[in-house]
Structures are given as C-alpha cells and as structure tokens.
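# Coordinates in review
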Amino acid sequence: MQQLGDSSSPSFNPLVVLEFVSGTKEEAIAWLLSRIRAPQEAGGSGLLVEQLGPGVGAEQKDNPNLFLVGASWERLLSGAEDVGLFKEYSDGSMRGFTYVNRHNFKDFQGDGNGFLSMAECQYIIKHELETLRAKDETHVPGYSNAKLYPGKSIIRRLLSKGILIQMFPLHHKEELKRLSFSWYKKIKLSLQPLDEIRHYYGEGQALYFGFLEYFTFALVPMALLGVPYYMFDWEDYDKYVAFAVFNVVWCTIILELWKRSSATLAYHWGTLSRKKAFEEPRPGFHGVLGYNPVTAREEPLYPNSKRLLRIYLVSLPFVLLCLYLSLYVMMIYFQMEGWALYVHDQHPSFWTGVLLYIPSIIYAVVIEAMNLVYRYAAEFLTEWENHRLESSYQNHLVLKVLVFNFFNCFASLFYIAFAMQDMVLLSQSLATLLITSQILNQFMEAFLPYWLQRRRNKKMIRKVQKRKIPGDKELPLAEQVRLEADMSAYLGTFDDYLELFLLFGYVSLFSCVYPLAAVLVVLNNVTEVYSDAFKMCHVFKRPFADPAADIGVWQLAFETMSVIAVVTNCALIGMSPQVKAYFPESETQLILWTVAIEHGLLAFKFILTFLIPDVPKHIQIKLSRLEFESLEALKKKMQEPNMTQMFPEFSLRRREALSFAEFTFPHETLDQADERIPWLHMSGSTPPRCAAPCERISQLHLQPAITPDVQYSRWTQSFVQVCLLTFSGAEMSKPS
C-alpha cells in the first residue's frame, strides 16, 4: 500500500483525513479503500486515497491507520454538479454548476484549477464518502456485528460502530496564515473578511460571524443612548419609559433587516437558491430493518409512536423537573440576597456593601454550571429519543436547551421585576449576571480550550522541533496531520448562537433598567470575534463547510425572544410611576391600557414583518428570471423532435413524462431515471431502455431548477401531479 510521508505526490492533493481505530482489521480497511477508489459506474466514489506514512522518528504507539483522501479536478468538478453547487455565471447571475457548461461560468479558466475553493472541495469529498453505499455486502469484512444492507451509507456505519474514529478536513497552512492575518492578528476598525471566512470555512461559519458582526453594530445605537441615560438618570430608576419604548422598536426592526442582509449574503455565496439534499438517517438512528416508502431503500425503521412516548413520558417530565430545580435554586438565591441586605442594614460598611454582590455572583456561577450539566443531559435524552433525521434531532435539542436556559437565566429577573417590583435590585442583578456570565464564557470558550490544546500537543511540538531541519519553517505533512488529528473537534455554532441568544435577551428584556447592558454586550462581542477566530484557526480541527442559506432555527428563537421583549417592556412601562400617575384611581384601566398598547405593538411588529421583504427586490428579480428561463428550457426540451423519434410507440403523455424524468434527474440515464420514477411502469408497456446518458438540460446553457435527491420547487410539484394524471389515463390539456 502506497504511503505518504513528508511530501505527497504532485498529482495528489490531500484534502480529507480518515482515521481508523488502532488495530482495525486489514480486510476491512482494504475493502473500504477499494470501494472509495472504484469508479462511480462500479458503485465506488472515484476518489484518490493514500496511507499516511509514519514520518521521521515516528513512535511505535502512533496510530498507523491514517489515510488521506483527495480527488482529480475532473472528479471534483463532476462532484460540484452532484451536490448542486451554485457559482457565478458569465452574465453575473448565480446558477447551479454543470460540468458540460463549465466554460460559461465566471472565473473558470483552463482545466478549472482554482475554480473551487478548498472548503468546497472538502465538502464534495465528504458528500461522496457519505453517499458511498453498500451493495450486496451483509457486514463489514472482519466485523460480523457491523451489519450492512443495500443502500446503507458505509461511512456512517463505520462511524457508528467505532471502526472509523473520525473524518476531518485538513488545514491549508498558507491560506490559514493569510486568513489569520486579515481576521484577528491585527486590531483594526473594519468589517470582518466574511468572503474569506466563507472561502475557507464555508457558508455556515461565515453566516455566524456575519450575524455576530451585524448584532454588534445593531447594538451601537442602544449603547450610545445608554451611556448618557446611565450617567444622568442612574439614581432615578423610574425614568426608564423612553428606553423601554426604544427597546420595543429596536428588537423588532433589527431582526427583519437581518433577514434581508442574510439573504443578500446567501445569494452572493450561491446558497439562497440551493435546495437541501434528501436527508439520510442519522448515524445513531436504529430500528428494525425495513424499506423506506420514499426511497425504496432498506434502512432501519422506528415507530413514531414509541418516539412520542419517550418524549412525553420521559423527556418532558425530566425537563419539568429541571425547571423545578432551577426554581428551587432561585429561591435559595433570594434567601441569600435577603441575608446580605440584612447584614448590610445592621452593619453598613464597605465590606458589607461588597457582600451585597456576592449572592448574585454565586448565583451566576451556579446558573452557568446548571446550564452545562443540563446540556449534557439534553443531548443524552435527545439521542435516546432516536430521531431519524439530523434536522429533527437538532430541533428537539435546541428546544430543550432554549427552554431551560431561558428559565434558568431570566426567571429571577422576572420575579424581581414583577413580583418584588424592585427596580434597584433588578438593575444590580442584571449587571452582576451579565458581567459574570461574560467572564465565565470567555474563560470556558477561549482560555480553557487553548490551554488544554497546548497541553495536549506540547509533546508533539517538542518532538517535531527536535527533528526539524534548521531554517525549515514548515511542519512535515505526517506531523501536521497527526497534530490536527489530536485537536479537539469543533462542535458547531450551537453554543455560539446560544450565547448570543441569551445576550440578546438580557438587552431586549431588561436593559431599560440597566442602560449599560448594551455597552457590555458590544464589548463582549468584540472580544468574541477575536477569541472565536483564534479558536477556529488554532484550537479546533477544521470543520467541514456547511452550505447554509440562513441561521436556521435560531432566527425563530430570536424572533420569539423579541415577542417576549415587547410584552416585558410594555409591562415595565405600565409599572412605571410616570404612567401610573395617569391612572391614580383605577388600576384596572391601567392594566387594560397596557394590554391594549402591548397588543398594538405586537400587531405593528407582525405587520412590519410582512411589509419588509425577507429578500431584497433585485435578488427576487434575479431568482424569478432564472426560474422563468428554466421553465422555458423545459418547454423547448419537450417540443424537440428527437423525443418523438426516440419513443414513436408512446403517446404524448408518456413522452412528456420521460422528458420530465430527464429534466428532473439530468445526471442519470433513462435507465436510472426509469427506476427512480416508478410511475413510468403504470399502465401500458414498459418504456424502452436507453444505455446512453440523457442529454442534459445544461446543454441549453441554462440551469435546471432542481438536481437529484433535492426537494421540488412549486412548479415542479405541479408537473409531478400532471404526470400522475396522464399515466392514469385522464385527458387534460398540455401544461403551459
């Protein structure tokens, strides 16, 4: 087996690393490598794989089962079409890339070297590896307990069985240096290099840093208003009505404007029109083997009723129990707060004044600890619920974590504001919770991972430095791969978005009684940019690109928080002495007026949601034009005479359906498309087979609206219905 040591072959560019557990049976490795190297026509991936050599001075305990995966440029370009990658066309629009039409795309020169970013290449390889499926194998060679069945993802099975330890993309040292220098190594008053971040890490990471930057700038007006408000009205806690009104308008507008900004970024990055691929079952999903009624593939099936029983009889009671424990801890905090106030009243001094802040600091630390412990419990429960899809797993996990974190972090503030109605204590508690949580988050997310990583790699770095040639500044490939393999895995943007969600809650809910909250969050976000950038570049493994078009479920979470903020700020306004002065005799009228204003503001918020388009007008026009051109291309394709000559024995209805199959699955032969669409076998003789690949719609220099294993657009769904009706023998007019 060929090995790569300190340098790789000029024709082989390693992009992804596969690490098997030490002691993996040779027949299993040889079988997987043969499947990866096999051409696509034979059911393989058509990729290049080489084993990583031991390097100079390698130790005996080093894992020898590390393999580097790459691909030829032709294979990467065809893979870009398979995954539905969107690139800039020669006319400036964003179109789905097609290999046949590759020379009509902007920046495509020569053989296409450099046309795809390294992140896109690694994403393509990840997609090809994960879609490598078992054929007639019953188990992984050498592992009878690792069962396989036709259509099962091989890589997912190896990961779930612990045979394959990890799969991660390699860093590019030169690109990483350039990105680090422009991103965080020099302190400057400028925007983040989002395009460079997207080029190196993918759209998902770039959107997170784009949202972090947008959120920081959106806080500037509130911070500028909060500083003089704090300085002049600090001793008069009742004068917060104007700031509360500003809060209501601010939290409504910024989220709507972010959706437009997000859509603009996603369009220029080619993910706005990109359809999500058909979701495969999660690696941890298990059940009784059966057939998927959608894909007709054999895969585990698990009754939804059992999952619902686990959710409602176990997970839900557990969440409620955790909320009760959080409430119990909150009451202990108030007892400590009362004791501190009693001591200060009895013996007023500097130290008893300091003692007033101790309960809040302890409570803030306990909150962070409880959030951390609950996070692990929520992950365990969500895994135990056995969700089939990764999106379903993430949604249930986000819901559990958000409910508990919201209650745990804000319950005490709501109690102080509306039960105790003590604005002085509310301001002090908010300041203490906010400052303490920020310090703890910076320690847990930046300093601790960096320190652990340096301890983990200290021996490796010392060993490499001993063997390096004087004047050689580059780390040999073998050592670089092993160094990255030992790095901590990046767990995604979940915790980062969660932190921003809580900060948004502190600012939007109660900053009217502590105007410096926005200033503190701005400072936190500035340091967050640099700490997160450093972690991404030097602490964690490089993550695979995530072709995201928005921030996903977090957009809904932030919008929900903004609705709660409207209700909370209206209630605070209704409780203020200035407003109460207008209703000296009737508290009922005050409540009714407060509720009426709150409903009016909520109505204004939802009207504003409809009035501000999520996608800017010029981008809507470009998307509509592209869809129109795709429809026109379909009409021309249906009217071509070669379709009639190819299938003279079929009626117009069946020829239209076959044209639809060709358009829907442009990467497949009619033989394969015939299998993908079982309706072609309904009523009448079986269509003739065609060995040659279908002529792709891309030859018309237009992009089809959909790609294989991708959700249909609205007009395509209508066309499916037309095909079903025609095969059933119903007479109807030809669709326009």
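Since the model is a prediction, treat every value here as computed from it, not as a measurement. (Residues numbered from 1 in each chain as written. Predicted model: local features only at pLDDT ≥ 70, side-chain atom pairs only at ≥ 80, totals over all residues. Heavy atoms only, no water.)

## Let's talk about the overall build of the protein
Per the secondary structure count, the protein includes 24 helices and 11 strands. When the 736 residues of the protein are sorted by exposure, 51% land in the buried category. If you take every contact in the protein between residues at least 6 apart in sequence, the share linking residues at least 24 apart comes to 74%. Split by element, the accessible area of the protein, about 35,400 Å² in all, is 62% carbon and sulfur. (Helix = DSSP H or I, 4+ residues; strand = E, 2+ residues; numbered from the N terminus. Buried < 20%, exposed > 50% of the residue type's maximum accessible area, 1.4 Å probe, protein only. Contact = heavy atoms within 4.5 Å. Areas by Shrake-Rupley, 256 points an atom, 1.4 Å probe, with all protein chains shown as cover.)

## With respect to the nonpolar core
Within soluble globular proteins, side chains that are nonpolar tend to cluster in buried spots. Within the largest apolar cluster, 103 residues are counted, with the highest numbers of intra-cluster contacts made by Trp183, Trp250 and Trp554. Counting residues in each nonpolar core, the second largest holds 47 residues, with Ala28, Cys121, Tyr123 and Val140 among its members. (Core = buried A, V, L, I, M, F, W, Y, C linked by side-chain atoms within 4.5 Å.)

## Some points on the environment of Ser508
As for its placement among the helices and strands, Ser508 is situated in helix α15 (residues 494-510). Note on Ser508: relative accessible area 0%, which makes it buried. Expressed as a C-alpha distance, the spacing of Ser508 and Asn569, which sit 61 residues apart in the sequence, is 8.3 Å. Not counting residues up to four positions away in its chain, the partners in contact with Ser508 are Asn247, Trp250, Cys251, Met561, Ala565 and Asn569.

## Quick word on the pairing of strand β8 (residues 143-147)
For strand β7 (residues 139-140) and β8, the ladder comprises two bridges, and the chain directions are antiparallel. By the bridge assignment, Val140 is partnered in β8 with Tyr143. The turn linking β7 back onto β8 is made up of two residues, and Gly142 within it adopts a positive phi angle of 90°. (Pairing = 2+ DSSP bridges.)

## Digging into the pattern of salt bridges
Within the structure shown, the criterion is met by 16 salt bridges. The closest approach of N and O atoms between Lys126 and Glu130, which form a salt bridge, is 3.4 Å. Of this pair, Lys126 and Glu130 both sit in helix α3 (residues 118-130), four residues apart, which is roughly one turn of the helix. Several salt bridges share partner residues, and in doing so they unite Lys87, Glu120, Arg198 and Glu203 into one network. (Salt bridge = Lys/Arg side-chain N within 4 Å of Asp/Glu carboxyl O.)

## Considerations on the packing of aromatic side chains
Tallied over the entire structure, the rule returns 35 aromatic pairs. Between Phe243 and Phe246 the ring centres are 6.4 Å apart and the planes differ by 55°, which places this aromatic pair in the tilted class. Of the two residues, Phe243 and Phe246 are both situated in helix α8 (residues 241-268); the distance of three residues between them amounts to about one turn of the helix. Overall, the relative accessible area of 1% leaves Phe243 in the buried class. Lying across the ring of Tyr99, Arg102 places its NZ or CZ 4.0 Å from the centre. Between Arg310 and the ring centre of Trp384, over which it is positioned, the NZ or CZ distance is 4.5 Å. (Phe/Tyr/Trp six-rings, centres within 6.5 Å; stacked < 30°, edge-to-face > 60°. Lys NZ or Arg CZ within 6 Å of the ring centre and 35° of its normal.)

## Comments concerning helix α11 (residues 358-384)
Residue pairs three or four apart in sequence face the same way in an α-helix, which turns once every 3.6 residues. Over its 27 residues, α11 extends 39 Å from the first C-alpha to the last, a length consistent with the 39 Å expected when each residue adds 1.5 Å. Positive phi appears at Asn386, one or two residues downstream of α11, with a value of about 65°. (Expected span 1.5 Å × (residues − 1).)

## Considerations on the packing of α11 against helix α12 (residues 390-420)
Following both chains from N to C, one finds α11 and α12 inclined at 160°, their axes separated by 10 Å at the closest point. When the interaxial angle is binned, α11 and α12 end up roughly antiparallel. Handedness of the α11/α12 crossing: right-handed. Residues Tyr363, Ile367, Met370, Asn371, Tyr374, Arg375, Ala378, Glu379, Leu381, Thr382 and Glu383 of α11 form the contact with α12, whose participating residues are Tyr393, His396, Leu397, Lys400, Val401, Phe404, Asn405, Asn408, Cys409 and Ser412. (Axes fitted to C-alpha atoms, helices over the stretch in contact; angles between N-to-C directions. Parallel < 35°, antiparallel > 145°, perpendicular 65-115°, else oblique. Left-handed = near helix turned anticlockwise from the far one by under 90°.)

## Notes on the confidence of the model for the protein
In regions of low pLDDT, the predicted coordinates are not meant to be interpreted in detail. Overall, the predicted model of the protein reaches an average pLDDT of 79, with 78% of residues at or above 70. Contacts for the low-pLDDT stretch residues 646-736, under 50 throughout, to residues beyond four places or in other chains number 154 contacts. (pLDDT = per-residue confidence, 0-100.)

## Let's talk about the side chain of Gln51
If you trace the backbone, Gln51 turns up in strand β3 (residues 48-52). Take Gln51: its relative accessible area is 11%, and that puts it in the buried class. At 2.9 Å, the side chain of Gln51 forms a polar contact with the backbone oxygen of Pro64. (Polar contact = N/O pair within 3.5 Å; in protein donor to acceptor, adjacent residues only side chain to side chain.)

## Quick look at the side chain of Gln438
Its place among the elements puts Gln438 in helix α13 (residues 423-467). Residue contacts for Gln438: discarding those within four places in its chain leaves Leu503, Leu520, Val521 and Asn524.

## What to know about unusual backbone geometry
One non-glycine residue, Asp107, lies in positive phi territory at about 70°. Of note, Asp107 is situated in the loop between β6 (94-96) and α3. On the basis of relative accessibility, which here comes to 57%, the residue Asp107 falls in the exposed class. For Gln421, which is not glycine, the phi torsion reads 55° and is therefore positive. Along the polypeptide, Gln421 turns up in the loop between α12 and α13. Take Gln421: its relative accessible area is 44%, and that puts it in the partly exposed class.

## A look at helix α9 (residues 304-346)
Taking 1.5 Å of rise per residue, 43 residues should cover 63 Å, and α9 covers 61 Å from first to last C-alpha, within 8% of that figure. Approximately 30° is the largest bend angle found in α9, and it occurs at Ile311. (Bend = angle between axes of the 7 residues up to and from the residue.)

## Topic: the packing of α9 against α12
It is at 10 Å that the axes of α9 and α12 come closest, and there the two elements cross at 30°. It follows that α9 is roughly parallel to α12 by the angle criterion. Both α9 and α12 take part in a crossing whose hand is right-handed. Side by side, α9 and α12 meet where Ile311, Ser315, Val319, Cys322, Leu323, Ser326, Leu327, Met330, Met331, Tyr333 and Phe334 of the first sit next to His396, Lys400, Val403, Phe404, Phe407, Asn408, Ala411, Ser412, Tyr415, Ile416 and Met420 of the second. Tallied by class, the residues present in the contact of α9 with α12 amount to 16 nonpolar, five polar and one charged. (Nonpolar A, V, L, I, M, F, W, Y, C, P; charged D, E, K, R; others polar.)

## A word on the environment of Arg375
Relative to the helices and strands, Arg375 resides in helix α11. Sequence separation between Arg375 and Lys400 is 25 residues, and the spatial gap between their C-alpha atoms is 8.7 Å.

## Notes on the environment of Leu434
Along the chain, Leu434 falls in helix α13. For Leu434, a relative accessible area of 0% corresponds to the buried category. For the pair formed by Leu434 and Val507, sequence separation is 73 residues and the distance between their alpha carbons is 9.6 Å.

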